[in-house]
Amino acid sequence: MLRRFLPNLTCLFCCQYSASAVCRYCQYDTVFFHHPDKPPNLLLRPEVARNIKHSAIDGLYAIGPYQWPLNQLILRLKSSRDMVPADILTKWFSQMLGDTPLPEILLPVPITYWRYYQRRYNQASELASLLGQRLNVPMHTQWAKRKSAKQQTGLNRQQRLQNLRQAYKVTQALPYRHIAIIDDVITTGCTVDVLARQLRQRHPRIKIDIWAMAVTLAPTSKRA
Ligand SMILES: [Zn+2]
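As named in an unreviewed UniProt entry, the protein is ComF family protein, taken from Alteromonas aquimaris. The Sequence similarities (unreviewed entry) comment attached to the protein in UniProt states, word for word, "Belongs to the ComF/GntX family."

What follows is the structure in structure tokens.
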């Protein structure tokens, strides 16, 4: 708690003296997707896009691959209500965006009521809230629902996908031209693509971006 008010004196990762939560050496060792010669939209980079389902998605933006230290920051964000990781992640994400056109609204991926009841916390909403404050974009949390999924055991791939499709439901019309769905990590893209497809059915011309803090890369393409 006090950490929010006191100046940082040690780096979160190497415990050396640092005025910020991540020291410049650890930040230097972090792999960022940002590259001056590459498009910030990761769907335009085959090494990332080929592993991510994106049948209804226009843009995918993330800070970097899901590896140290982003994975540590995200695990910390999920396991505690410590806001330091969310603060660092949203700062790096906002810097990475540069002059990328901003959406009109931020839509965090919903979690089940049961999960929320257990944790009292949805990390995607916390990220969306902080990003909204940094970038001056409103967020909307009641746009979709997540039902408890049926057991995946014994189901084939097609049935598992069907199960996932039924687990999420966009519950409201969204009168926007450009939105961003917020999640902490994108691994296969299946979840956000299910939500994006439902949005696309209701609003065929809407521009749908995905904002994630990290993307899991296939083992052969570790470097962005
Ligand atoms: Zn450090």
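Don't stop here, the text continues.
1. Quick look at the environment of Q172
Take Q172: it is sitting in the loop between strand 4 (168-170) and strand 5 (178-186). The class of Q172 is partly exposed, set by a relative accessible area of 30%. For the pair Q172 and Q142, spaced 30 residues apart in the sequence, the C-alpha separation amounts to 7.9 Å. In this structure the side chain of Q172 is engaged in a polar contact, spanning 2.7 Å, whose partner is the side chain of H140. Separated by 3.3 Å, the side chain of Q172 and the backbone oxygen of Q142 make a polar contact.

2. Re the pairing of strand 5
Burial runs high along strand 5: nine of the nine residues are buried. Two elements, strand 2 (residues 105-108) and strand 5, share four bridges in a ladder whose sense is parallel. What sits directly across from L106, in strand 5, is A180. The pairing of strand 5 with strand 6 (residues 207-215) spans eight bridges and is classified as parallel. Bridged to I179 within strand 6 is I208. Crossover strand 5 to strand 6 through helix 8 (residues 190-202) is right-handed.

What counts and what doesn't
Residues numbered from 1 in each chain as written. Predicted model: local features only at pLDDT ≥ 70, side-chain atom pairs only at ≥ 80, totals over all residues. Heavy atoms only, no water. UniProt positions renumbered as here; feature names shortened; annotations may be inferred. Helix = DSSP H or I, 4+ residues; strand = E, 2+ residues; numbered from the N terminus. Buried < 20%, exposed > 50% of the residue type's maximum accessible area, 1.4 Å probe, protein only. Polar contact = N/O pair within 3.5 Å; in protein donor to acceptor, adjacent residues only side chain to side chain. Pairing = 2+ DSSP bridges. Right-handed = clockwise from strand over helix to strand, strands pointing away.

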